[in-house]
Amino acid sequence: ARAALTAAERAAENLALGLEGTILLDMFGRKYVAASVEAAIDRRFALLAGLVPVDPSRSVEEAACLAALRAIDRWIAW
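Attention in this report is confined to the structure presented alongside it. Note on numbering: residues in each chain are counted from 1, in written sequence order. Only residues with pLDDT of at least 70 get local features here, since the model is predicted, and only at 80 or more are side-chain atom pairs given and counted; chain-wide, interface and lining totals rely on the full set of residues. Only hydrogens and water are set aside when side-chain values are computed; all heavy atoms of the structure are taken into account.

1. Considering the nonpolar core
A general trend in soluble globular proteins is that nonpolar side chains are found buried together. We apply this condition: The definition of a nonpolar core used throughout is a set of buried Ala, Val, Leu, Ile, Met, Phe, Trp, Tyr and Cys residues joined through side-chain atoms within 4.5 Å. The classification of residues rests on relative accessible area computed with a 1.4 Å probe and restricted to protein chains. Under 20% of the type maximum is buried, over 50% is exposed, and intermediate values are partly exposed. Only runs of H or I of at least four residues qualify as helices and only runs of E of at least two qualify as strands under DSSP, and these elements are numbered from the N terminus. Residue contacts follow a heavy-atom distance rule, with two residues in contact if any of their heavy atoms lie within 4.5 Å.
Membership of the largest hydrophobic core comes to 20 residues, with the highest contact counts inside it found for Leu-5, Leu-17, Val-33, Val-37, Leu-48, Ile-72 and Trp-75. For this core, the secondary structure elements donating two or more residues are α1 (2-9), β1 (15-27), β2 (30-41), β3 (44-54) and α2 (60-77). If you tally residues by element for this core, the top one is α2, at seven residues. Each residue touching Leu-17, except ones within four places of it in the same chain, is listed here: Leu-5, Ala-8, Glu-9, Val-37, Glu-38, Ala-39 and Ile-72.

Below is the structure:
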């Protein structure tokens, strides 16, 4: 997840992303990875969150990367 955020930082100028943490959750009979990301660009700051299910075709590590990317998706697009 940290590597995914490092790569995403290079997509825009003055963008800083930090992984606050990830956690494996068991909700509604399924496993999910939640990621919390701190983001800053120029003078704007935000705490962003992403949630991705872990399924048989996806490892926990892959879900963590996708959760981090899901957290920043709208931030970078904006």
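Having put the structure on the table, let's press on.
2. Overview of the pattern of salt bridges
Spelled out, the test is: The term salt bridge refers to a pairing of a side-chain nitrogen on Lys or Arg with a carboxyl oxygen on Asp or Glu at a separation within 4 Å.
Enumeration according to the criterion identifies one salt bridge in this entry. Two residues, Arg-58 and Asp-55, come together in a salt bridge whose shortest N-O distance is 3.8 Å. On the basis of relative accessibility, which here comes to 23%, the residue Arg-58 falls in the partly exposed class.

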